[in-house]
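Summary of structural features
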Amino acid sequence: MSDPSRPKGPKIIAITNQKGGVGKTTTAINLGAALAEEGKVVLLVDLDPQGNASTGLGVHREQRGLSTYDLLLEEVPLQDVVRKTDLENLFIAPATTDLSSADIELVSNEKRIFLLHDSLRAPLVADLGYDYVLIDCPPSLNLLTINAMVAAHSVLVPLQSEFFALEGLSQLMLTIREVRQTANKELRIEGVALTMYDARNNLSKQVEADARENLGDLVFSTVIPRNVRVSEAPSFAMPVLTYDPLSKGTTAYRHLARELIARN
Ligand SMILES: Nc1ncnc2c1ncn2[C@@H]1O[C@H](COP(=O)(O)OP(=O)(O)O)[C@@H](O)[C@H]1O
Ligand SMILES: [Mg+2]
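Reference entry: report on the structure contained in this document.

**Thoughts on the side chain of T68**
As for its position among the elements, T68 is in helix α3 (residues 68-73). The exposure class assigned to T68 is buried, which follows from its relative accessible area of 0%. Beyond its immediate sequence surroundings of up to four residues, T68 is in contact with V45, D46, L47, V81, A93, P94, A95 and L99.

**A short note on the sheet that holds strand β2 (residues 42-46)**
Read across the open sheet, the 7 strands follow the order β3-β4-β2-β5-β1-β6-β7; overall the sheet is mixed. Both outer strands of the open sheet, β3 (83-84) and β7 (188-195), are each paired with one neighbouring strand and no more. Bridge count for strand β1 (residues 11-15) against strand β6 (residues 154-160) is 3 bridges, and the pairing is parallel. Its bridge partner being in β6, I13 is matched across the sheet by S154. Contacting β1, β2, β4 (90-93), β5 (132-136), β6 and β7, helix α1 (residues 24-37) crosses the sheet at an angle of about 165° to β5.

**Here's the deal with a nonpolar patch on the surface**
A cluster of nonpolar side chains, contributed by F163, F164 and L203, occupies part of the molecular surface with about 310 Å² of accessible area. Counting through the fold element by element, F163 comes out in the loop between β6 and α9 (169-182).

**Some thoughts on a negative patch on the surface**
A surface patch of negative charge is lined by E74, E75, D98, E105 and D118. Following the sequence through the fold, E105 ends up in helix α5 (residues 99-107). Take E105: its relative accessible area is 32%, and that puts it in the partly exposed class.

**Here's the deal with the site of ligand 1**
Surveying the vicinity of ligand 1 reveals 14 residues, the closest of which are G21, T25, T26, P225 and N227. G23 is positioned with one of its backbone polar atoms (N or O) 3.0 Å from an oxygen atom of ligand 1. A distance of 2.9 Å is found between an oxygen atom of ligand 1 and a backbone nitrogen or oxygen belonging to T25. Only α1 and α11 (228-232) provide two or more residues apiece to the shell around ligand 1. With 3 residues, α1 is the single largest residue contributor to the shell around ligand 1. For the shell around ligand 1, the residue count by class is 5 nonpolar, 7 polar and 2 charged.

**Some points on unusual backbone geometry**
Even without a glycine there, the phi angle at M196 is positive, about 50°. Tracing the chain through its elements places M196 in the loop between β7 and α10 (202-215). Phi at A237 takes a positive value of approximately 55°, unusual for a residue other than glycine. With respect to the helices and strands, A237 occurs in the loop between α11 and α12 (240-243). Taking the relative accessible area as the measure of exposure, A237 reaches 21% and is therefore partly exposed.

**Brief notes about the pattern of salt bridges**
Applying the stated criterion to the full structure yields 9 salt bridges. In this structure, E162 engages K19 in a salt bridge whose closest nitrogen and oxygen atoms are separated by 3.9 Å. Of this pair, E162 sits in the loop between β6 and α9 while K19 sits in the loop between β1 and α1, and the two are 143 residues apart along the sequence. For E162, a relative accessible area of 31% corresponds to the partly exposed category. We classify K19 as partly exposed; its relative accessible area is 27%. As a salt-bridge pair, R258 and E38 come within 3.0 Å of each other at their nearest N and O atoms. Of this pair, R258 sits in helix α13 (residues 248-263) while E38 sits in the loop between α1 and β2, and the two are 220 residues apart along the sequence. A relative accessible area of 34% means that E38 is categorised as partly exposed. Residues joined in a network through salt bridges with shared partners are R229, E232 and D244.

**Digging into the pairing of β4**
One ladder, built from 4 bridges, connects β2 with β4; its direction is parallel. Following the sheet pairing, V45 is matched in β4 by A93. Where β3 and β4 come together, 2 bridges link them in antiparallel fashion. Across the sheet, residue K84 finds its bridge partner in β4, namely F91.

Reading guide: rules and limits
Residues numbered from 1 in each chain as written. Chains lettered and ligands numbered in written order. Predicted model: local features only at pLDDT ≥ 70, side-chain atom pairs only at ≥ 80, totals over all residues. Heavy atoms only, no water. Helix = DSSP H or I, 4+ residues; strand = E, 2+ residues; numbered from the N terminus. Buried < 20%, exposed > 50% of the residue type's maximum accessible area, 1.4 Å probe, protein only. Contact = heavy atoms within 4.5 Å. Pairing = 2+ DSSP bridges. Axes fitted to C-alpha atoms, helices over the stretch in contact; angles between N-to-C directions. Patch = residues over 30% accessible without salt bridge, like charges linked within 9 Å, V, L, I, M, F, W, Y side chains within 5 Å. Areas by Shrake-Rupley, 256 points an atom, 1.4 Å probe, with all protein chains shown as cover. Salt bridge = Lys/Arg side-chain N within 4 Å of Asp/Glu carboxyl O. Lys, Arg positive; Asp, Glu negative; His and termini not counted. Charge placed at Lys NZ, Arg CZ, Asp CG, Glu CD. Near = heavy atom within 4 Å. Polar contact = N/O pair within 3.5 Å; in protein donor to acceptor, adjacent residues only side chain to side chain. Nonpolar A, V, L, I, M, F, W, Y, C, P; charged D, E, K, R; others polar.

This is a description of form; function is not addressed.
Given below as structure tokens:
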């Protein structure tokens, strides 16, 4: 169902945290797959030069063709970059390693922070029928991440349930505020998702308690457990939902998808 208060076109969510290894890509793939399973048409935009989301969904390096680099720097239209995945309703705009130089190439471009916005918010995109666009961001607050924040309606922050998790958050919140004040005043925080949660570990519980105390309702009630099936799935080029439909990771990402849909 689309939100009548929002203009036509997909809901665009940037999945971001400048820390690496916190579960951004894993969340992009599996939340995307879970939303697709709920019947939503989902586009995952891989904005990390490492291209892990592309590999994890079975788009191999040698067959990537046009990529998000072309989307940003060559102004290739979105529909020429998008590929199908093995999952019905789930599409991907893959990343190639060229994207690692994009950050520098963008500096001299006067539209540098609006390029992804102009591409994803183009009137034609509304006709492509996506319900959600999830942007998998690189592990830094660079121009690629700023492009994602300027293009997005909201930001979803995966937070690894470990010590220091909350430390980088103030910098992230500051950046979000800056983007709001300058280029995208509508940018909201969709929510913070605790990832790699270990219920037997007191530290996980402590991080959860701190996050809920400091961030309140921004923290999704769904918590993503640490689950080996989740980490194995990408090497089989599948979301955990297809790799192991009965795993705890699968159940958690399904819950997260339903919570996200309910929030919208
Ligand atoms: N819920 C989870 N359970 C177990 N391993 C996980 C889970 N989420 C992520 N991982 C693993 O942690 C590592 C970092 O996750 P990733 O999604 O690539 O982080 P990021 O994109 O933020 O750098 C990967 O090896 C991934 O397989
Ligand atoms: Mg990643």
